Amino acid sequence: MWVLWTILGLIGALLLVTLVRAAFWTPERAESEPLPDETVDVEKYRKDLSDAIRIKTISNVDTDKVDWGEFQKLHKLFEERFPLVHKHLKREEISLASLLYTWEGTNPDLEPIALLGHQDVVPVAEGTEQDWTHPAFDGVDDGEFIWGRGALDMKNHLIAVLESVETLLAEGFQPERTVYLCFGHDEEIVAAKTSGAGAIADTLKARGVHLDSVIDEGGAILDLKVGSILNNRLAGVGIAEKGYADYRVSVSAKGGHSSQPPAHTAVGTLAEVVRDIEKHQFRATMPDFVYDLFCKIGKNCSYPARIVTCNLWLLKPLITFVMTKIPPAASLIHTTTAVTMANGSPAANVLPQKASVTVNFRMMPGTTLKDVEQHIRQSVRNKEIEIEYLKGKEASKVSPTDSRSFKILESLCTRTDSSMIVAPYLVMGGTDAYHYEEVCDCIYRFAPFVMDTKLLLTTHGTDERIPIACMGDALKFFKRYIRMMSAE
Ligand SMILES: [Zn+2]
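Residues numbered from 1 in each chain as written. Predicted model: local features only at pLDDT ≥ 70, side-chain atom pairs only at ≥ 80, totals over all residues.

We now examine the domain arrangement of the chain. Domain annotation for the chain reports domain 1 (42–223 + 398–485) and domain 2 (243–282 + 335–394). Each of domain 1 and domain 2 has a C-alpha centre, and these two points are 38 Å apart. Counting residues at the interface gives 5 residues for domain 1 and 6 residues for domain 2. (Domains from an automatic or database assignment. Contact = placed C-beta atoms within 7 Å.)

Glancing now at the environment of V290. Summarising the element assignment, V290 is placed in helix α8 (residues 288–299). Taking the C-beta count within 10 Å as the criterion, V290 has 20 such neighbours and is therefore assigned buried. The contact partners of V290, leaving out residues within four places of it in the chain, are L332 and I333. (Helix = DSSP H or I, 4+ residues; strand = E, 2+ residues; numbered from the N terminus. Buried ≥ 20, exposed ≤ 12 C-beta atoms within 10 Å, placed from the backbone.)

To continue, consider the environment of L234. Relative to the helices and strands, L234 is located in strand β8 (residues 230–241). Among the residues examined, L234 registers 21 C-beta atoms within 10 Å and is labelled buried. When the C-alpha atoms of L234 and L224 are compared, they prove to be 6.3 Å apart, with 10 residues separating the residues in sequence. Every residue in contact with L234, bar those within four places of it in the chain, is listed here: I221, L222, L224, I421 and A423.

Attention now moves to the sheet that holds strand β13 (residues 354–362). The antiparallel open sheet is built from 4 strands, whose spatial order is β11-β13-β9-β14. Each of the sheet's edge strands pairs with one partner strand only, and the pair in question is β11 (336–343) and β14 (386–393). Across the sheet, the mean angle separating the axes of adjacent strands is 20° when strand polarity is ignored. Bridge count between strand β9 (residues 244–252) and β13: 8 bridges; the pairing is antiparallel. Directly across from D246, in β13, lies its bridge partner N360. Contacts between helix α7 (residues 266–279) and the sheet are confined to β9, β11 and β13, with β13 contributing the most and set at about 15° to the helix. Helix α12 (residues 369–379) contacts β9, β13 and β14 of the sheet and is inclined by roughly 30° relative to β9. (Pairing = 2+ DSSP bridges. Axes fitted to C-alpha atoms, helices over the stretch in contact; angles between N-to-C directions.)

Further remarks concern helix α6 (residues 196–206). Because an α-helix packs 3.6 residues into every turn, residues spaced three or four apart end up facing the same way. Along α6, the positions that sit buried rather than exposed are G196, A197, G198, I200, A201 and L204. Its buried side turned inward, α6 meets β1 (90–94), β2 (98–103) and β5 (179–184). Positive backbone phi, at 75°, marks G208, one or two positions downstream of α6.

This is the structure:
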C-alpha cells in the first residue's frame, strides 16, 4: 500500500512543481528599447527590384550555356541606380561575373563585416510558364506584390542591401569597420566545383582578411499564431546548413534476352538494395539549437499551455520520435535519405547488365560524406553492390549564438518588435555563406522579410513574389544592421 502512496505522492509533487515552474517559465526579457527611425525610399526599391527581375541572370552548370550579357546588364543597372555606391566603394569583378565591393572603414584595427547576396536565379521549369499569374521575368508590380523569378531568392535581398548602402552614403554615414558586399553569380548551382562565392572568399583569404561576421540569405520572419496560445513573430537565423551528397548504387548481372529471364534481374536485385537503404534511416537526435528553439517558443506560450511546454526536457524523446514521423520536422533532426533516380536496361526486351539508383543525402552537421558511404555499406545486405560518389559537400560548421554579431542581430529584431522570437535554426539548402567558413566564424543566414509560409514556398516555383508591405522594414533592417554591426 505504501508503494502506491509513494507513487501518488511523487506524481503530486511533480504536478505541483510543474504548475509553479510553468508560471515562471517565461521568456528572458529581451532588449526592447525602440531603435531610431530610418529614412527609406520604398518607391525606388520597388522600381529597382522590378527592373532587376526583368534581367534573366539564370545560372547553369554548363557555363557555356549562361547568357553572360544578362549579368552585364545587371551590373549596368547597379551602376545606374546606385551612383554613390559606385563612387565611394571599390568595385572588383571576380571570377566570371561575381562582384566584390569594399567600403573602407575608419578603423583598420577592427575586423570587417560582409553582406552576401547572389545575382543568379533558377530557370522556370519547362512547361510551367503558363501557370504564372504574371510572366516570370516581367517584374510586374501590382501594388500588392512584385512578381517574378528572384523576387524572394534573392534579388529582393541583394537590391535591399544596395539601397541601404546608397541611402547611408547619402546621409554621410561612414562605417568604423570595413564593409564588404559580396555578390556571387552561381549560387543556384548545387555543389558546384568552382563558384563565384568561393572565388570571393579566396580573394579575401589571400589578402589576409578575417571577417567579424557574415550575413546571407537563409532565414525569414514568420508569423507564429496558434489560437490564443501563441501570437509572436519568429525570426529564424540559420546558424548552419546541411551537407549534400549524391551517391550512385549499382548491381551487375548477366544480360541477355528478356524472353529467358532469371528469377531476379539486376533491377529485381536492386529493389532489395533500395529497401535496405530506406529501411535503415540515419538515427535522429535533437541538436541543442533545435531544443533551444522549442524552449524559446514554449516560453512564449500562454499559461495553461506552458504546463506542457515547460516539461520539454521530459518530453524530448517523445518529441524526437514524433518528429521522425513528419518529414519536414524529421529533416531538422537527422540526415535524410532520398532514392531519387533509377536506371535499368536501355530497352524493354533486354535484360539489364547493370541497374543503378541515385540516392540523395542531406547530412546533419557532424555527419560527413565518408560517414554516408559507410552507412550505405552497413545498411545494405548485398555486399556485391558498387557505390559511386557523384557529388556533394560537407555540412557547414555551426556558428555560435553567443557572439557579438548574433547578439546584435537578436537585439535588432527585438528592438523592432518586442514580441519577436529570435531563434537559431538549420538551413536545409545550401547558401554562398558556406564558402566563407575559412575567413569567418560567425556566419548567419537571415533575410529580414516578414513572410507567410505559403509565399515562401513559391521560391524556385510558380508565382514567386514578394509582398510590398514587407519591403520598407527590410530596408530599415539593413541600414540598422550596417550601422550597428560596423561599429566597434
Ligand atoms: Zn538563394
